[in-house]
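Residue-level structural notes
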Amino acid sequence: MPRRNILVVGAGPVGAVAALACVRFGHRVTLLEAQERIDDSPRASTTQPPTLEILAELGLIEEYLRVGLVSRTFQFWDRGTLTRIAEFDFERLRGETGFPFVVQTEQHKLANMAIARLGDASVFFGCKVTDLQHDDNRVSVRCENGEQFSADYLIGADGGRSTVRKCLGVEFEGYTWPERFLVITTKFDFAAALGCSFRNYMADPDEWTNLFKVAGDDLKGRWRAVYNTRADESDAEALSDAAVRARLARIYVPESERDYLHLNLYNVHQRVAKRFRQGRVFLCGDAAHVNNPIGGLGLNSGIHEAWDLAKLLSEESPDLDAYERRRRPLNIEYVQEQTVANKKRLEEKDPALRRQRFDELRAICEDPVRHKAFLMRASLLESTRRALRT
Ligand SMILES: Cc1cc2nc3c(=O)[nH]c(=O)nc-3n(C[C@H](O)[C@H](O)[C@H](O)COP(=O)(O)OP(=O)(O)OC[C@H]3O[C@@H](n4cnc5c(N)ncnc54)[C@H](O)[C@@H]3O)c2cc1C
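Residues numbered from 1 in each chain as written. Predicted model: local features only at pLDDT ≥ 70, side-chain atom pairs only at ≥ 80, totals over all residues. Heavy atoms only, no water.

So, about the overall build of the protein chain. Counting its secondary structure elements, the protein chain contains 13 helices and 20 strands. Relative to a compact globule of 390 residues, whose C-alpha radius of gyration would be 21 Å, the protein chain shows 21 Å and is just as compact. If one aligns the C-alpha atoms of the protein chain with their principal axes, the spans along those axes are about 60 × 45 × 40 Å. A buried classification covers 57% of the 390 residues belonging to the protein chain. Long-range pairs, those at least 24 residues apart, make up 73% of the contacts in the protein chain with a sequence separation of at least 6. (Helix = DSSP H or I, 4+ residues; strand = E, 2+ residues; numbered from the N terminus. Rg over C-alpha atoms; globule rule 2.2 N^0.38 Å. Buried < 20%, exposed > 50% of the residue type's maximum accessible area, 1.4 Å probe, protein only. Contact = heavy atoms within 4.5 Å.)

Here's what the structure looks like:
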């Protein structure tokens, strides 16, 4: 196999996995990260079956399972009445994958465990890329601290505000939602109180809530409640103690238990880069696309890209166009379309349409063929099968 020099910009979960995959395929890897440490704010945790397959190939799966929570099911709820509408069971995917479940492991754990296995790759923290040059033979970058690096190929995994993408002049087509998403981390046990699974989607015409259980760094378990804010709600109001406690009250938390551990507020976008490659430079993960997090797909698709790209760059004479040809349409069809549909399902305002959406979910759940087909798409297994044929 050819041994190539590969620069990876960004040591988020996608860059760290891309770097590890390239190391495993025998390349010389340099990983550059702007921050001094891995960001541990609460973002992705839901890891879908095809991503678990990749983590198994990379030798990460045992640790990944040990520091996360296995979740076989997910549930849809009507938040207004706090009643469960439907429960989907990944067991229906047995035979399609060796991992008929998702694992809830926080994304900073993945980045750290991948970096810990990089062996003799060079890893530089506090190295913010500010400038990029490339021609037919080489690609080189300059960092804010004056350091310069060059390589045969560069993987831009530097997140939604990607400097790499901006240096290439690639447009980030799409839009930003007017509302923001608020994450409240709490120790209140929604499984004991309401019978929630570790992943729950609660629909409500004014304010929906998604509830997830994660292990936490101490492995003692905690819940993340994700809400939409009102479009006209200021950051200060959304983050105020009174508003947070009122939000917890609306999902059953009794007054004595409304203390919380953390608050995080995120802007939410649906955007896809017009190009995923220019010359020897590739965009991967959030640098290439961003989406609302409902359904847990953004990071998963980024890891599929990282793995795909590492394999492609290991071919003797890689068809470099294949990356964008495969990955861009898959992101639009499976990630953008599904996350927008997921959001609409949760926030439907028309009562008749809401009832219709609930009835449809119940009907899909009760039909074994439709239940499995729904999960094949929602888990990205269908998209990974499609990628193999493209
Ligand atoms: C609330 C929330 C919940 C989510 N839940 C899920 C989920 O359950 N499942 C899922 O699949 N997705 C989920 N997502 C999406 C997921 O968090 C992102 O898709 C993921 O972080 C993308 O990883 P990344 O490595 O591409 O980018 P990032 O995590 O943004 O990492 C980019 C890295 O690049 C570094 N960097 C930036 N600029 C430079 C530079 N110029 N030079 C060097 N380094 C640089 C940054 O410091 C950072 O470390 C969620 C998002 C949010 C907000």
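Moving on, there is more to tell.
All right, on to the packing of helix H1 (residues 13-24) against helix H9 (residues 298-312) then. For the pair H1 and H9, interaxial distance at closest approach is 9 Å and the crossing angle is 25°. Classed by the angle they form, the pair H1 and H9 counts as roughly parallel. For the pair H1 and H9, the crossing hand works out as right-handed. On H9, the residues touching Pro-13, Val-14, Val-17, Ala-18, Ala-21 and Cys-22 of H1 are Leu-299, Gly-302, Ile-303, Ala-306, Trp-307 and Ala-310. Classifying every residue of the contact of H1 with H9 by side-chain character gives eleven nonpolar, one polar and no charged. (Axes fitted to C-alpha atoms, helices over the stretch in contact; angles between N-to-C directions. Parallel < 35°, antiparallel > 145°, perpendicular 65-115°, else oblique. Left-handed = near helix turned anticlockwise from the far one by under 90°. Nonpolar A, V, L, I, M, F, W, Y, C, P; charged D, E, K, R; others polar.)

To continue, consider unusual backbone geometry. With a phi close to 50°, Leu-82 is a non-glycine residue in the positive phi region. In this structure, Leu-82 sits in the loop between strand S5 (73-78) and strand S6 (83-89). With a phi angle near 60°, Leu-219 is a residue other than glycine that sits in the positive phi range. Tracing the backbone through its elements, the reader meets Leu-219 in the loop between strand S15 (209-214) and strand S16 (222-228).

The next point concerns empty space enclosed by the protein. Applying the stated criterion to the full structure yields one cavity of 30 Å³ or more. Space inside the largest cavity adds up to approximately 50 Å³. Every residue along the wall of the largest cavity is listed here: Ser-301, His-304, Glu-305, Arg-327, Leu-330, Asn-331, Val-335, Leu-380 and Ser-383. Mapped onto the lining of the largest cavity, the elements with two or more residues apiece are H9 and helix H10 (321-347). Split by residue class, the lining of the largest cavity holds three nonpolar, four polar and two charged. (1 Å grid on protein atoms, 1.4 Å probe; cavity = no way out; pocket = protein on both sides within 12 Å on 5 of 7 lines; lining within 4 Å. Points joined across faces, edges and corners; volume = space filled by probe spheres on them.)

Another aspect to go through is the site of the ligand. Residues in close proximity to the ligand total 32 residues, the closest being Glu-33, Gln-107, Asp-286, Leu-299 and Asn-300. Contact distances for the ligand include 2.9 Å between an oxygen atom and a side-chain N or O atom of Asn-300. In the complex, the protein chains occlude 88% of the 1,000 Å² of accessible area that the ligand would expose alone. Mapped by element, the contributors of at least two residues to the shell around the ligand are H1 and H9. The residue inventory of the shell around the ligand, partitioned by class, reads 15 nonpolar, twelve polar and five charged. (Near = heavy atom within 4 Å. Polar contact = N/O pair within 3.5 Å; in protein donor to acceptor, adjacent residues only side chain to side chain. Areas by Shrake-Rupley, 256 points an atom, 1.4 Å probe, with all protein chains shown as cover.)

This brings us to the sheet that holds strand S20 (residues 289-290). Strand order in this open sheet of eight strands is S6-S5-S14-S15-S16-S13-S17-S20, and the pairing throughout is mixed. Each edge of the open sheet carries a strand with a single partner, namely S6 and S20. Note that strand S17 (residues 262-273) and S20 share two bridges and pair antiparallel. Paired with Val-272 across the strands is His-289, a residue of S20. Here helix H11 (residues 351-366) sits on the sheet and contacts S5, S6 and strand S14 (199-203); the angle it forms with S6, its principal contact strand, is near 35°. (Pairing = 2+ DSSP bridges.)

On to the packing of aromatic side chains, then. Overall, the coordinates contain 19 aromatic pairs when judged by the stated rule. Relative to Tyr-201, the ring of Phe-74 lies with its centre 6.1 Å away and its plane at 90°, an arrangement referred to as edge-to-face. Of this pair, Phe-74 sits in strand S5 while Tyr-201 sits in strand S14, and the two are 127 residues apart along the sequence. Accessibility classification places Phe-74 together with Tyr-201 in one group, the buried group. Geometrically, the ring pair formed by Phe-181 and Trp-208 is edge-to-face, given 5.0 Å between the ring centres and 80° between the ring planes. Placement of Phe-181 in strand S13 (residues 172-186) and of Trp-208 in the loop between S14 and S15 is noted, with a sequence separation of 27 residues between them. Each member of the aromatic cluster is reached from another via a ring pair, and the members are Phe-74, Phe-76, Phe-88, Phe-90, Tyr-201, Phe-212 and Phe-374. (Phe/Tyr/Trp six-rings, centres within 6.5 Å; stacked < 30°, edge-to-face > 60°.)

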